[in-house]
Amino acid sequence: MSNKFAGKTAIISGGAGGIGFALAEEFGQLGMNIVIADIDQIQLAEAQQKLQAANVPVLACPLDVTNYQQWQDTVAAAHAKFGNIHMLVNNAGVGGVQGSIEETKLDTWKWVMDVNVMGVVNGTQAVAPSMKDHGQGGWIINVASMAGMNGVPYSGAYAASKAAVVSMSESWAGELKKHNIAVSALCPAFVKTRIHESLRNLQSEYKEVKNQGAHKTQAAKGNNKAKELVESGIPTSVLAKRVVEALLSGQSYIFTHPNFRGPIAYRSALLDAAFADAENSPIVSHLKDDEIKML
Ligand SMILES: NC(=O)c1ccc[n+]([C@@H]2O[C@H](COP(=O)([O-])OP(=O)(O)OC[C@H]3O[C@@H](n4cnc5c(N)ncnc54)[C@H](O)[C@@H]3O)[C@@H](O)[C@H]2O)c1
């Protein structure tokens with residue numbers, strides 16, 4: 001099989017289900033060796049069997065992305081089985097629980113930030129050094145969200161975590177370009193997965209999350225709406241094909257829902273208006289002619 005991916009190796013966190021598994025299938029079909037790593041060991045074994053049945057070379061590793069030692073074990077096992085790693089998909093994530101500012105428990109913030117942000121940091125710290133060293137280049141795909149491109153009322157923790165993923169992707173893209181490693185932020189809107197059932201993956205230390213009572217509030221309506229939107233979302237197989245297409249055309253941001261252009265364009269227009277306002281400000285307008293030195 002001749003394409004850019006064939007014969008190379010990908011590690012996919014959260015690869016046992018949803019978007020992660022669809023990417024495992026798609027990159028497996030393109031001839032990659034696939035390492036799926038997931039907190040759900042039952043689903044992990046099922047996913048491994050399905051990939052094996054499709055003749056995809058696969059390794060399945062138990063992994064809680066918040067645990068750096070487990071990341072190191074995953075990377076060591078991947079090297080032992082397949083050699084160099086060329087692709088990292090930081091996909092594992094949780095949707096949190098919707099709630100107003102005061103309803104959202106600190107444990108909810110910690111859970112969402114630990115999995116969605118620190119999970120990506122851990123994965124990249126565990127994989128990037130050897131990816132740089134082998135010199136063959138590669139890809140890091142960080143699964144963010146449209147929620148990372150705009151705020152989402154009653155989902156502050158989730159939106160903030162995804163904005164952080166976008167920002168890390170932009171930062172690392174600049175840093176890793178000279179190593180021929182392309183970093184992209186995948187920003188889907190709604191995809192039909194089990195993201196609205198993320199509490200099934202809740203680790204025991206985040207005790208208060210389940211006590212977040214948003215039963216009679218706007219947030220409860222939001223939780224129901226989110227479920228509806230996810231269930232009417234695009235199939236994961238469509239998303240996976242779109243990811244390959246966008247990687248091949250070298251996109252830094254991988255968008256899957258062109259119909260979300262309007263709200264994001266509105267945000268861009270607000271940013272532009274804010275610059276225009278600063279340019280007209282007698283306090284700071286003199287800065288507009290100053291040279292900007294970028295890194
Ligand atoms: N489904 C959507 O509409 C949508 C939209 C935008 C972004 N996303 C993002 O896509 C990514 C994948 O989510 P999905 O929609 O496939 O949801 P999903 O719940 O179907 O799949 C998530 C996978 O991650 C695993 N996981 C959860 N916590 C983990 C942990 N601590 N360590 C390792 N694995 C863990 C789960 O076991 C599961 O296999 C997430 O980052 C999510 O935020 C989803």
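Structure's up top.
Conventions used here
Residues numbered from 1 in each chain as written. Predicted model: local features only at pLDDT ≥ 70, side-chain atom pairs only at ≥ 80, totals over all residues. Heavy atoms only, no water. Core = buried A, V, L, I, M, F, W, Y, C linked by side-chain atoms within 4.5 Å. Buried < 20%, exposed > 50% of the residue type's maximum accessible area, 1.4 Å probe, protein only. Helix = DSSP H or I, 4+ residues; strand = E, 2+ residues; numbered from the N terminus. Contact = heavy atoms within 4.5 Å. Phe/Tyr/Trp six-rings, centres within 6.5 Å; stacked < 30°, edge-to-face > 60°. Salt bridge = Lys/Arg side-chain N within 4 Å of Asp/Glu carboxyl O. Near = heavy atom within 4 Å. Polar contact = N/O pair within 3.5 Å; in protein donor to acceptor, adjacent residues only side chain to side chain. Areas by Shrake-Rupley, 256 points an atom, 1.4 Å probe, with all protein chains shown as cover. Nonpolar A, V, L, I, M, F, W, Y, C, P; charged D, E, K, R; others polar. Expected span 1.5 Å × (residues − 1). Arc of directions from axis to C-beta.

Undergrad: Describe in detail the nonpolar core, supporting the description with residues and values.
TA: Counting residues in each nonpolar core, the largest one holds 44 residues, and the members touching the most others are Ile11 and Trp111. Mapped by element, the contributors of at least two residues to this core are β2 (33–38), β3 (58–62), α3 (68–82), α4 (106–134), α5 (156–176) and β6 (181–187). The element contributing the most residues to this core is α4, with 9 residues. In contact with Trp111, not counting residues within four places along its chain, are Val94, Gly96, Ser198, Leu199, Asn201, Leu202, Gln203, Tyr206 and Val209. Counting residues in hydrophobic clusters, the runner-up holds 33 residues, among them Ala16, Val56, Leu239 and Val243.

Undergrad: Account for the packing of aromatic side chains, with residues named and values stated.
TA: Each aromatic ring pair is summarised here by two numbers: the centre-to-centre distance and the angle between the ring planes. Scanning all chains against the criterion turns up 4 aromatic pairs. Taking the centre distance of 5.4 Å and the plane angle of 65 degrees together, the rings of Phe5 and Phe27 count as edge-to-face. Placement of Phe5 in the segment before β1 (9–13) and of Phe27 in helix α1 (residues 18–29) is noted, with a sequence separation of 22 residues between them. Looking at Phe5, the relative accessible area reads 2%, which means it is buried. Plain terms: the ring middles of Phe5 and Trp139 are 4.8 Å apart, the flat faces sit at 35 degrees to each other, and that makes the pair tilted. One end of the pair, Phe5, is in the segment before β1; the other, Trp139, is in strand β5 (residues 138–143), with 134 residues separating them in the sequence. For the pair Phe5 and Trp139, a shared accessibility class is recorded, and that class is buried.

Undergrad: With reference to specific residues and values, describe the pattern of salt bridges.
TA: Two side chains that carry opposite charge are able to pair once their charged atoms sit near each other. For the structure on display, the rule yields 6 salt bridges. Salt-bridge contacts for Glu197 lead to Arg194; the nearest nitrogen and oxygen are separated by 3.0 Å. Given the relative accessible area of 40%, Arg194 is considered partly exposed. The salt bridge partner of Arg242 is Glu245, with a shortest N-O separation of 2.6 Å. Separated by 3 residues within a single helix, Arg242 and Glu245 lie in helix α7 (residues 236–248), roughly one turn from each other. Classification of Arg242 as partly exposed rests on a relative accessible area of 26%.

Undergrad: Describe the site of the ligand, with residues and values.
TA: Within the structure, the ligand sits among 30 residues, and Ile19, Asp38, Tyr158, Val191 and Thr193 are positioned closest to it. In this structure, an oxygen atom belonging to the ligand sits 2.8 Å away from a main-chain N or O atom of Ile19. Within the contact set of the ligand, an oxygen atom lies 3.3 Å away from a side-chain nitrogen or oxygen of Asn201. In isolation the ligand has 830 Å² of accessible area, and contact with the protein removes 98% of it. The set of elements that each furnish at least two residues to the shell around the ligand consists of α1 and α5. Per-class residue counts for the shell around the ligand are 15 nonpolar, 9 polar and 6 charged.

Undergrad: Describe in detail α7, supporting the description with residues and values.
TA: Over its 13 residues, α7 extends 19 Å from the first C-alpha to the last, a length consistent with the 18 Å expected when each residue adds 1.5 Å. Those residues of α7 lying buried are Thr236, Leu239, Ala240, Val243, Val244, Ala246 and Leu247. The arc that holds every buried residue of α7, seen down its axis, measures 165 degrees, which confines them to one face. Among the structural elements, α1, β4 (87–90), β5, β6 and β7 (253–255) are those in contact with the buried residues of α7. One or two positions beyond α7, positive phi appears at Gly250, with a value near 75 degrees.

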